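# Chain and residue survey
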Amino acid sequence: MKTDKAKINRLHTGVPGLDEVLGGGLPEFSFNLIAGSPGCGKTTLANQIMFARATPERSALYFTVLGEPSLKMLRYQQQYDFFDSEKVNRAIRFVNLSEDMATGDLEKVLARIVGEVETHEPALVFVDSFRAVVRASQRDGGSHRELEDFVQQLGTLMTTWQATTFLLGDYSTEGEANSNPIFTIADGLILLRQSVQRNSVVRKLEVTKMRGQPTLAGIHTFRITDAGISVIAPVQFDVPAESGAGMPDPPRAELGVRGLDAMMGGGLPRGYSLLVAGPSGSGKSILASAFLAEGARLGETGIIAAFEQRPTQSRGPVMAELIESGRVGVVNTRVPGISIDEIAILIIREIQRLKATRVVIDSLSGCELALAPTFREDFRESMARMVSALASTGVTVLMTSELEDRYVDLRFSPYGTAFLTDAIIVQRYIEIDSHLRRVMAVVKVRNSAHSNQLHLFHIDADGIQIDEMLINRDGILSGQPTRVPGLSGRHIDADDH
Amino acid sequence: MQARFARMPADGANIQEIAHAARSLWHDVDAALSPIIGQRGVDALFKRSLYLRHSEYPWLASVYADSFFRNDFAALQTALLLQTSATAAAANSALLQTFYDLLAKLIGDSLTEQLLRSVFDHPYSGPTVQEISP
């Protein structure tokens, strides 16, 4: 008995991120539906797949049915980089069915499609838009049954002719999408939509069905740029092995602030994520810059994803020079409708490009503001995913978090993101002798001894300078410490622990 | 742009040959384009070309009026037959050029050239790729 199973080839779509979401590509000879409301990018997606895949040997037929007049479609689609005029009439044939469709006779339309398929034997077939077929059929008294038969025949025909087929259709509601018989017949179903929240519009894609292969469940955002569509697939990563008892201590990354590495127990363990929390102006960004500059001094490259300040101009000449010389890469986060997943992808791409070992995200507060409103609700979950993804690359991460100074409790992050990180440094303002002073403490370094002392620090032209430990004060975290009689402060050395 | 079509009289073609060649050429244009942009798309571009050229060749107005419904270019052939060889060749050449320019403005030179290449490789075709003004 033969047990060889039919092998289903998966076709690369040529749409960045889509193959991952589809679970490896499109099944060859599948019968797919690309559905969504007008203007959501169906035609662009279809054209992009077609231009990526079609060759003179494995050609494509693109049936246009009004809908969008063909002249306009050609006019607008050629604005995208993927459109290659040289392929038209060689690898790609556009076939206008509007006159056949005007008769409302679906048999005739099917006969025309069959004729073209027999003549050209395409590997890819597109029918744009299928909604027009439905309307034409219903206008002329065609029954739902007739339409179902038409789709059934088309599906069978295309599969036997060994063509991978796409029907494009305008469907505005999911209820409609689910109840329509076409959706049952299709092997694959790609739904596109535009999510509007306040004045932000985000394009989203969902593969609700793809026979025979596991797709990435969930709703994924996509962008349309001059290059065409790119889907923001969630970052895939391997969970790194846990370090634990018996494991050698990981090497440390110096932070570039004299005295602080000693407070951390010898620097920040490599591969860790560090949260630096503090109120506005306390020196978080300066610490972040020192972390990158120290890396550069040691011959490492770094990445900065900055959300508030202009990274090249506002971080001083040292950072500007590092960015200019390419030792620190900047991730552009000024993109409307951006999500954490997309930020993670941009950062990881930069890590791979620059072989970076240090990453700064400055700050989580700015990051949240930069997100489209639709993504803010899932901020914590997305952050957790991003931190894990970054950790999987082995880089050492420093994130800053704006922290409103509250002297009644000790908090590290307004988002509850503190638990995500392996290490925490907190900075605060306190009042001493009618002066506003800064203090810093290491709150946590996972699996490592560290200082638990509160140190005064100040910022000068050379950056952060750690000063004496406050040993003669009580109630420092209340913001208004009181002097303990009989004790005096002392200056500490970096190694004084 | 001096179309090769315009040289037909100089090559010794008579008005019947010119009118016939013109109709045949428009059929080829139609055959190349209508599967892609639809019959209506071709008709609309042809009528627009007639409209743009009728101030120069007022007799094209009758073709414009006649071609309101499905055009098989018979009206154009008939109108050309009433002209001198030189006028007919020049008018049709101008008409082709206008049609080509309109299409190129909509879908770009590169794609227009790609779609009409087979037609304009014909010995009595209108514009050649090299002759298209930028």
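Predicted model only: the values in this text are computed from it and were never measured. (Residues numbered from 1 in each chain as written. Chains lettered and ligands numbered in written order. Predicted model: local features only at pLDDT ≥ 70, side-chain atom pairs only at ≥ 80, totals over all residues.)

## Side note on the pairing of strand 7 (residues 164-170) of chain A
Residues and elements named next belong to chain A. Among the seven residues that make up strand 7, six are buried, leaving the element largely enclosed by the rest of the structure. In this structure, strand 6 (residues 124-128) lies alongside strand 7, joined through five bridges in parallel fashion. Residue D128 lies in a different strand from strand 7, and its bridge partner there is L168. (Buried ≥ 20, exposed ≤ 12 C-beta atoms within 10 Å, placed from the backbone. Helix = DSSP H or I, 4+ residues; strand = E, 2+ residues; numbered from the N terminus. Pairing = 2+ DSSP bridges.)

## Here we look at the packing of helix 11 (residues 284-297) of chain A against helix 12 (residues 316-324) of chain A
Packed helices, taken two at a time, are described by the angle their axes make and the gap between the axes. All names here are of chain A. At a minimum axis distance of 10 Å, the contact between helix 11 and helix 12 shows a crossing angle of 50°. Comparing the axis directions of helix 11 and helix 12 gives the class oblique. As for how helix 11 packs across helix 12, the hand of that crossing is left-handed. The residues of helix 12 that touch helix 11, namely those facing S289, L292, A293 and A296, are G316, V318, M319 and L322. Of the residues that constitute the contact of helix 11 with helix 12, the class distribution is six nonpolar, two polar and no charged. (Axes fitted to C-alpha atoms, helices over the stretch in contact; angles between N-to-C directions. Parallel < 35°, antiparallel > 145°, perpendicular 65-115°, else oblique. Left-handed = near helix turned anticlockwise from the far one by under 90°. Contact = placed C-beta atoms within 7 Å. Nonpolar A, V, L, I, M, F, W, Y, C, P; charged D, E, K, R; others polar.)

## Considerations on the domain arrangement of chain A
Residues and elements named next belong to chain A. Segmentation of chain A into domains returns domain 1 (10-231) and domain 2 (252-483). Between domain 1 and domain 2, the contact holds seven residues from the first and six residues from the second. Of all the elements, strand 9 (residues 200-210) adds the most residues to the side of domain 1 that touches domain 2, at three residues. Of the residues belonging to the side of domain 1 that touches domain 2, the class tally is two nonpolar, four polar and one charged. (Domains from an automatic or database assignment.)

## Digging into helix 1 (residues 15-53) of chain B
Over its 39 residues, helix 1 of chain B runs only 20 Å from end to end, short of the ideal 57 Å by more than 12%, given 1.5 Å per residue. The largest bend in helix 1 of chain B amounts to roughly 120° and is located at I37 of chain B. (Expected span 1.5 Å × (residues − 1). Bend = angle between axes of the 7 residues up to and from the residue.)

## Side note on helix 3 (residues 70-77) of chain A
Note: α-helices contain 3.6 residues per turn, so residues at a spacing of three or four share the same orientation. Among all positions of helix 3 of chain A, only S70, L71, M73, L74 and Q77 of chain A are buried. Considered in projection along helix 3 of chain A, the buried side chains sweep an arc of 165° and stay on one side of the axis. Looking at the buried positions of helix 3 of chain A, the neighbouring elements they touch are helix 2 (42-53), strand 4 (60-64) and strand 5 (92-96) of chain A together with helix 1, helix 4 (85-107) and helix 5 (109-120) of chain B. (Arc of directions from axis to C-beta.)

## So, the sheet that holds strand 18 (residues 396-402) of chain A
Residue and element names in this part refer to chain A. Pairing is mixed in the open sheet, where nine strands are placed in the order 16-15-17-18-14-19-20-21-22. Unpaired on one side and paired on the other, strand 16 (328-330) and strand 22 (463-469) mark the two borders of the sheet. Going from strand to strand, the sheet's axes swing by 25° on average, the running direction of each strand aside. Here strand 14 (residues 273-278) pairs with strand 18 via six bridges, running parallel. Bridge pairing in strand 18 links V276 to T400. Along the sheet, helix 13 (residues 340-354) contacts strand 15 (302-306), strand 16 and strand 17 (358-362); its crossing angle with strand 15, the most-contacted strand, is approximately 155°.

## Looking at the nonpolar core
Grouped together as the largest cluster of nonpolar side chains are 182 residues, with contacts concentrated most on M50, A60, F126, I347 and V359 of chain A. Top element by residues in this core is helix 1 of chain B. It accounts for 14 residues. Each of domain 1 (10-231) and domain 2 (252-483) of chain A accounts for three or more of the residues forming this core. Apart from the residues lying within four places of it in its own chain, the contact partners of A60 of chain A are M50, R53, A54, A91, I92, P122, A123, L124 and F126 of chain A. (Core = buried A, V, L, I, M, F, W, Y, C linked by C-beta atoms within 7 Å.)

## With respect to the environment of E148 of chain A
Residue and element names in this part refer to chain A. As for its placement among the helices and strands, E148 is situated in helix 7 (residues 144-160). Looking at E148, the number of C-beta atoms within 10 Å reads 15, which means it is partly exposed. Sequence spacing of E148 and A6 is 142 residues, and the spatial spacing of their C-alpha atoms is 27 Å.

## Some details on the packing of helix 1 of chain B against helix 3 (residues 74-81) of chain B
Residue and element names in this part refer to chain B. Following both chains from N to C, one finds helix 1 and helix 3 inclined at 160°, their axes separated by 9 Å at the closest point. The angle between helix 1 and helix 3 falls in the class roughly antiparallel. Here helix 1 runs over helix 3; the crossing is right-handed. Two secondary-structure elements touch here, helix 1 through I15, I18, A19, H20, A22, R23 and W26 and helix 3 through L76, Q77, L80 and L81. Counted by class, the contact of helix 1 with helix 3 contains eight nonpolar, two polar and one charged residues.

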